[in-house]
Amino acid sequence: MIGWVLKKILGTQNQREVRRLTPMVAEINRHEEALRPISMEELRAKTAAFRERLSKGETLDQLLPEAFAVVKNCCRRFTEEKRKIRVRGQEILWEMIPFDVQLIGGMVLHSGRIAEMATGEGKTLVATLPTYLNALSGKGVHVVTVNDYLAARDAEWMGEVYRELGLTVGCLQHGQSQAERRAQYACDITYGTCSEFGFDYLRDNGMATTPEDQVQRGHFYAIIDEVDSILIDEARTPLIISGPVTVSTHQFDKYRSSIESLVRKQNGLCTDWANQAKEKVEKGDLQGAGRLLFKVKMGSPRNKLLLKFQEDPGTRRAIDDAELEMYQDTRRTELYKTKEEMYFSIDERNSEADLSEMGRTFLNPADPNFFLVPDLITKNHDIETNSSLSAEEKLKAKQAAQADYEEASQRIHNISQLLRAYCVFEKDVHYVVQENKVVIVDEYTGRLMPGRRWSDGLHQAVEAKEGVQIDRETQTLATITIQNYFRLYEKLAGMTGTAETEANEFKDIYRLGVVVIPTNRNCIRKDADDLIFKTRREKLNALIEEIKKRHAAGQPMLVGTASVESSEIISRMLRRENIPHSVLNAKQHQLEAEIVARAGERGAVMIATNMAGRGTDIKLSPGVAELGGLHVVGTERHESRRIDRQLRGRCARQGDPGSSQFFISFEDDLMRNFGDSRRIAGLMTKLGMEDNEGLQHPWLNRSVETAQKRVEQRNYQIRKHTLQYDDVMNQQRTVIYAWRTDILNSTDPRPEVFETVDERISAEVEARAGTDPVDLDGLVHWANSSMPVGLQKEDFQKAGGKEEWAKLLKAKVREAYEVKVRFENPEAVKALERFVLLGAIDRLWQEHLYAMDGLRTSINLRAYGQKDPLIEYKNEAFSMFGELMGRIKEEVVHNLFRSASSLSAFESFLSALPQRTGRGELPVQARPVETEGSMSMGAGPSSAVEEALAPIKRQGPKLGRNDACPLDPKKKFKNCCGATGSKVCFKVSA
Ligand code: ADP
Ligand code: MG
């Protein structure tokens, strides 16, 4: 009911929006008509004229009708002259002039929103309108595509329009050199994939050492094609540039064999329970069986007998009942007791593994506590209140306790990852072993992801399990989430066939509204109800029969699968039936695009995973429309309804006939993990389902969709979670990157050097003067060991109080530095100064990222201590950042004098810097993010902080030294919090 009302409102709002834009369409068309008589040169001259008008203060909005008309008119000329364009090696005849709905789509994109336009409506062309308009600004428009092939295709194809009108077009491709990339970004318009854009940003800001090394030139406007797949599906995987770690902490080799026997023990236990359950089922005691099977589910979720019982609606329901019962709050103790009856428990949904007392004893009979995290808080308290210890002894004891704690956490983490590797991750489902390597199978596209690694040691745990070489752990050198990368843009827009179901997320996270654009012609696709089967085998058999039937009649079919594995199973079955077909796994984009383009030919059968051939138009060949057009079969409902809609949308484009249907079974992962099997089983009994026969009913569709909504919700939480954590990092990253960019671009870095040194001096003087008694000896020692100032205790005593001490030191440092650089080449000195700053920032920032990774992992453990992990994370991250800033300054002071400034010393200094490698040499990779099932959702920053931050967020990080601190207006921004060397107060990131 509420949904219906909402739809009504949304529907009309959407219609109103479309209606609001319609008058503009007429205006564009009027302008376009006026352009018809002029010459091509005159049309091209419009570009320069528009730019001239912009420089005189006209806005892009004002130019829109005329600029869109110019693009449309250009398309008309191409069509009339039958222009042929070479696109990816093939001649394409240009025969498109934007329809009115496409003009509306273009306006929506220009306004910084998402245009939902069905597949085949010509989004590629739509994008040219706002792209041309916004490129007039000269600030660079980025068009983001899902793969390199599409980037190149669109840059060549649509590029014809831009080039004709006098704009330049670039295209990013994997493997381009730095110089090539710069050239692409220098163009008015740049096409590329989101990872190319994102990694360039990371390299520009985390690794470039001169402004010339940076390739991007700002983030003005981006249009994202297939925006849902990029901002939603890919958003669970942050972009990460990593290199090998310096110290490795893994102990997988050491524990592997004991975990193997532990898992064997546990499997024995679970098989016994499953057999007992079987007896109970035979005796009619379903409840008892359910309880036992639930235990099996916790102990060994992939137990064969269990999986079999889960296929049967009756026993499945009993298991669900037992689970539901156990998870009630009043039964918690019982749940814990149950967990103690096995060696460890696994939560498949949340991918977690926990050792029990029994498991700990098995692994280390002499000391079960060896695998327990020590209670640090109590320990610290005991040390603090122990009056027999001196202050120094207390400190030592606390450090020892901390070390113990870290060691134990590491150990437990290793064990937990190994358990997951053995019990949750299955070979040939989640990964394959190829050439002695563990290769991840992407859960979303089903394709192999060589080079990608699970983070947090999981990948190594799986390598240990498979007995292949355990690759070195890698460490993060630079990272950003897709979300935060795209938030850099002043204006963002997107287009896709399927955005509506995720409209909320677009709104919440990206502040992107969604406007559904009507189709040019009515869509006449027929979507049949799902066909539900008890088992996968029955489902596949029925599917093959269906394909045989339609194939015999000559109707082309597109069979969508959720994984490479099931593509291959279906392909094998079809081969047995001698049905010719093609299999696409989104591995070779160009080749697959060419194959998919032929999916509309008579009798074609194409098996494709979700992303395969996306973005390629499927045209029907003659005679096929009479057969009903392309028929799409889904062999599994995907986790998200949106992806099912995408699959369906591949047929019936531009008013063509077409139809679709999904085949599903209770053994599908979606149904196993999230299906409301009780309801469905009830429905099935009511509807009288027999064995071996598929069942079809609108009620069943709804039940499946409920399961999907549940997963969508969960995945949304995971993405939001990733973002909440990355937000903390994001603020820190903004500070560091802004600081870095300032240094990189400054013509004279010396003031920045001394500012940093001064801050370090002030902090040290403050600290030494703050003790009772004042630690003047310490200060003298620090000063002389860090800088060649040659000051005695008496010099300070003569000078006066702490203010004078700081002054004295600052003056002496300058004096000493002057002496050092007096005879050097000034340019070399500048470069040296820049390197001193950047070297310190980069080295310590990377170390900081590593520590933050660790914090992120260990914070999970604290969830057991009843604390909100996100808040803990924020607090700790904040204090770590404070320390980082202090250490950077210390290092600057140190390196400024340690590295003698003569040129030869400068060179050796350079070679001592952390190895800087360019693109391609670093293992560039992205990793799947771990699910954080055990974390409670923390409250975000308080609203007061949010409010204080709002102006900064709007203006970007540009507060000056004399501005008021946004958090404490009584104080000057630079002095409110011990000042950072950067242009942004880091307190803001708390
Ligand atoms: P989408 O990305 O929306 O799925 P595409 O951009 O791939 O759609 O375009 C689908 C097909 O429609 C292409 O073959 C394209 O040439 C054609 N097309 C797009 N716009 C027009 C138009 N205005 N007139 C005629 N054909 C068009
Ligand atoms: Mg497209």
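In case you missed it, the structure is sitting above this.
Residues numbered from 1 in each chain as written. Chains lettered and ligands numbered in written order. Predicted model: local features only at pLDDT ≥ 70, side-chain atom pairs only at ≥ 80, totals over all residues. Heavy atoms only, no water.

## Here's the deal with the overall build of the protein
Spelled out, the test is: Working definition: helices are DSSP H or I runs of at least four residues, strands are E runs of at least two. Numbering for both runs from the N terminus. Here's how the labels work: a residue is buried when its accessible area is under 20% of the maximum for its type, exposed when over 50%, partly exposed in between, all with a 1.4 Å probe on protein chains only. Here, two residues are considered to be in contact whenever any of their heavy atoms come within 4.5 Å of each other.
If you tally the helices and strands in the protein, you get 36 helices and 24 strands. For the protein, the residues scored as buried account for 53% of the 990 residues in total. When contacts within the protein are restricted to residue pairs at least 6 apart in sequence, those whose partners lie at least 24 apart make up 74%.

## So, unusual backbone geometry
A negative phi holds for most residues other than glycine; trans holds for most peptide bonds. If you check the backbone angles, Arg 88 has positive phi at about 45° while not being a glycine. Note on placement: Arg 88 falls in the loop between strand E1 (84-87) and strand E2 (90-93). For Arg 88, a relative accessible area of 29% translates into the label partly exposed. Residue Glu 226 is not a glycine yet carries a positive backbone phi of 50°. Within the secondary structure, Glu 226 is located in the loop between strand E7 (221-225) and helix H10 (227-233). Taking relative accessible area as the criterion, Glu 226 reaches 8% and is therefore assigned buried.

## Brief notes about the packing of helix H21 (residues 503-510) against helix H28 (residues 698-745)
How we decide: Geometry is summarised by axes, namely lines fitted to C-alpha atoms with helices restricted to the contacting stretch, and by angles between N-to-C directions that run from 0 to 180 degrees. Convention used here: angles under 35 degrees read as roughly parallel, angles over 145 as roughly antiparallel, angles from 65 to 115 as roughly perpendicular, and any remaining angle as oblique. Charged residues are taken to be Asp, Glu, Lys and Arg, nonpolar residues to be Ala, Val, Leu, Ile, Met, Phe, Trp, Tyr, Cys and Pro, and polar residues to be all remaining types, Gly included.
Where H21 contacts H28, the two axes come as close as 12 Å, and the packing angle between them is 10°. Classed by the angle they form, the pair H21 and H28 counts as roughly parallel. Contact residues: H21 offers Glu 505, Asp 508 and Ile 509, while H28 offers Tyr 716, Arg 719 and Leu 723. Looking at side-chain class alone, the contact of H21 with H28 contains three nonpolar, no polar and three charged residues.

## Some thoughts on the pattern of salt bridges
Worth spelling out the cut-off: What makes a salt bridge here is a side-chain nitrogen of Lys or Arg within 4 Å of a carboxyl oxygen of Asp or Glu, nothing more.
One pass over the full model with this rule turns up 53 salt bridges. Lys 812 is paired through a salt bridge with Glu 815; the nearest N and O atoms lie 3.6 Å apart. Here the residue Lys 812 and the residue Glu 815 both occupy positions in helix H32 (residues 802-821), the gap between them amounting to three residues, near one helical turn.

## A few points about the site of ligand 1
Threshold: Whether a residue is near a molecule or strand depends on its heavy atoms: if one lies within 4 Å, it is near. By the criterion applied in these results, polar contacts are pairs of N or O atoms within 3.5 Å in which, for protein atoms, one can donate a hydrogen and the other can accept it, and in which residues neighboring in sequence qualify only through two side-chain atoms. To be clear on the numbers: accessible area is Shrake-Rupley with a 1.4 Å probe, and residue cover counts the displayed protein chains and nothing else.
In the neighbourhood of ligand 1, 19 residues make up the surrounding shell, with Ile 97, Gly 120, Lys 123, Thr 124 and Asp 617 lying closest. Between ligand 1 and Ile 97 there is a distance of 2.8 Å, counted from a nitrogen atom to a backbone nitrogen or oxygen. Here Gly 122 contributes a backbone N or O atom positioned 3.1 Å from an oxygen atom of ligand 1. Expressed as a share of its isolated accessible area of 570 Å², the protein-covered part of ligand 1 is 86%. The element contributing the most residues to the shell around ligand 1 is helix H5 (residues 123-135), with three residues. Residues that form the shell around ligand 1 fall into these classes: seven nonpolar, six polar and six charged.

## Details of the sheet that holds strand E12 (residues 437-441)
So the rule is basically this: One requirement defines pairing of two strands: DSSP has to find at least two bridges between them.
Ordered in space as E11-E12-E13, the three strands form an open sheet in which the pairing is antiparallel. Of all the strands in the sheet, the pair left with one neighbour each is strand E11 (431-434) and strand E13 (448-449). Across the sheet, helix H19 (residues 458-466) lies against E11 and E12, angled at about 125° from E12, the strand it touches most.

## Some remarks on the sheet that holds strand E16 (residues 514-516)
Read across the open sheet, the seven strands follow the order E5-E6-E4-E7-E15-E3-E16; overall the sheet is parallel. Strand pairing shows two members of the sheet lacking a second neighbour, strand E5 (169-171) and E16, which therefore form its edges. Sheet twist, expressed as the average angle between the axes of neighbouring strands with direction ignored, equals 20°. Pairing of strand E3 (residues 114-116) with strand E15 (residues 491-496) involves three bridges; the strand directions are parallel. Considered in E15, the bridge of Glu 116 is made with Thr 496.

## Quick notes on the packing of aromatic side chains
Quick note on the threshold: When two rings of Phe, Tyr or Trp (its six-membered ring) have centres within 6.5 Å they constitute a pair, described as stacked for plane angles under 30 degrees, edge-to-face for angles over 60, and tilted for the intermediate range. A ring is scored as having a charge over it whenever the NZ atom of a lysine or the CZ atom of an arginine sits within 6 Å of its centre and within 35 degrees of its normal.
Inspection of every chain in the model, using the stated rule, returns 16 aromatic pairs. A centroid spacing of 5.8 Å and a plane angle of 70° characterise the contact between Tyr 255 and Phe 371, whose relative ring orientation is edge-to-face. Residue Tyr 255 is located in helix H11 (residues 252-283), and its partner Phe 371 is located in the loop between helix H16 (357-363) and helix H17 (376-385); the two are separated by 116 residues in the primary sequence. Here the two residues Tyr 255 and Phe 371 agree in accessibility, since each one is buried. For the pair Phe 486 and Tyr 489, a centre-to-centre distance of 5.9 Å together with 25° between the ring planes defines the contact as stacked. The lysine or arginine in question, Arg 411, covers the ring of Phe 370, its NZ or CZ lying 3.6 Å from the ring centre.

## Brief notes about the packing of helix H13 (residues 304-311) against helix H14 (residues 313-326)
Between H13 and H14, the least distance of the axes is 5 Å, while the angle of their chain directions is 110°. In terms of orientation, H13 lies roughly perpendicular with respect to H14. Contact residues: Leu 306, Phe 309, Gln 310 and Glu 311 in H13; Pro 313, Thr 315, Arg 316 and Ile 319 in H14. Looking at the contact of H13 with H14 residue by residue, the class counts come to four nonpolar, two polar and two charged.

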